[in-house]
Amino acid sequence: MLRSVTLVTRSEEETMEIGAALGRFLRPGDMVFMIGELGSGKTRLAKGLIAQATGSPREDVVSPTFTLMNRFEGDFDVYHADLYRLAPEHVEDIGLEDALDQGGALLVEWAERISWTEDDALVVRFQAPDQTDTRIVVFEWQDQSHWRERLPWVLKEIPERIKLDCESL
């Protein structure tokens, strides 16, 4: 069964806070697939997640739009891919699966461009409903996923002002 949690942020900093909460519980082998329009908050969440998971300064975490994938070192490597410039038929050429094979975690922006999915992935959908800094961020995961066990802990790290709708976990 598909589970979901909806959050609303009102600033880039709040979106990074969500990422940092995820980063505290990120583990080797994890996959986080981000889906949303340009400017909807994917890179801000990635910035918070990667900085928290690896200890990298936030200012060093930039979207790999032109390099396609960046590796950040920490207790384990976190690979950050941005598929914006790639056609779906070229995605397999950048080595997404290799990142997991090397014991890292994988964070993918524009994940709607990949053809493979995993039941264990956390899907994060972004919406920017108006011309303000408000963002709707929806976490989706399968009931049998290991995220089922970790997401309640992640949510405890997110300030109450950001939470909107949490199904029973």
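Within any chain, residue numbers begin from 1 and follow the written order of that chain's sequence. Local features in a predicted model are, by the rule used here, given only for residues with pLDDT of at least 70; side-chain atom pairs are given and counted only at 80 or more, and totals for whole chains, interfaces and linings are based on all residues. Excluded from the side-chain calculation are hydrogens and water; included are all heavy atoms of the structure.

### Thoughts on the overall build of the chain
Rules: Helix and strand assignments come from DSSP, with helices taken as H or I runs of at least 4 residues and strands as E runs of at least 2, each series counted from the N terminus. Burial classes follow relative accessibility: with a 1.4 Å probe on protein chains only, a residue under 20% of its type's maximum area counts as buried, one over 50% as exposed, and anything between as partly exposed. Residue contacts follow a heavy-atom distance rule, with two residues in contact if any of their heavy atoms lie within 4.5 Å.
The number of helices and strands found in the chain is four helices and eight strands. Listing every helix and strand of the chain by position from the N terminus yields β-α-β-α-β-β-α-β-β-β-α-β. The buried share of the chain, reckoned over its 169 residues, is 54%. Of all intrachain contacts in the chain linking residues separated by at least 6 positions in sequence, the fraction that spans at least 24 positions is 67%.

### Section: the side chain of threonine 15
By secondary structure assignment, the location of threonine 15 is in helix α1 (residues 12–25). With relative accessibility at 2%, the residue threonine 15 sits in the buried group. Not counting the four nearest positions on each side in its chain, threonine 15 is found in contact with Thr9, Gly41, Arg44, Leu45 and Arg135.

### Re the pattern of salt bridges
What counts here: Criterion for a salt bridge: a side-chain nitrogen of Lys or Arg within 4 Å of a carboxyl oxygen of Asp or Glu.
Summed over the entire model, instances satisfying the criterion amount to nine salt bridges. With a closest N to O distance of 3.4 Å, aspartate 143 and arginine 3 form a salt bridge. Pair noted here: aspartate 143 is in the loop between β7 (135–142) and α4 (147–157) and arginine 3 is in strand β1 (residues 2–9), with a separation of 140 residues, a long-range link. Residue arginine 3 is classed as buried on the basis of its relative accessible area, which comes to 16%. The salt bridge involving arginine 148 is made with glutamate 149; its shortest N-O contact spans 3.6 Å.

### What about the pairing of strand β4 (residues 78–82)?
The criterion, for reference: In this scheme, strands are said to pair when DSSP sees at least two bridges between them.
Counting buried positions along β4 yields five of five residues, so the element is predominantly enclosed. On β4, burial covers both faces: Val78, His80 and Asp82 on one face and Tyr79 and Ala81 on the other are all buried. The pairing of strand β3 (residues 69–72) with β4 spans four bridges and is classified as antiparallel. Directly across from methionine 69, in β4, lies its bridge partner alanine 81. Across five bridges, β4 lies against strand β5 (residues 105–109) in parallel orientation. Directly across from aspartate 82, in β5, lies its bridge partner glutamate 109.

### Things to note about α4
Note the threshold: As used here, the arc belongs to the directions running from the helix axis to the C-beta atoms.
Of all the residues in α4, the buried ones are Trp147, Arg150, Leu151, Val154 and Leu155. Within α4, the buried residues cover an arc of 145 degrees as seen down the axis, which keeps them to one side. Along α4, the residues that are exposed and aim more than 90 degrees away from the buried face are Glu149 and Lys156.

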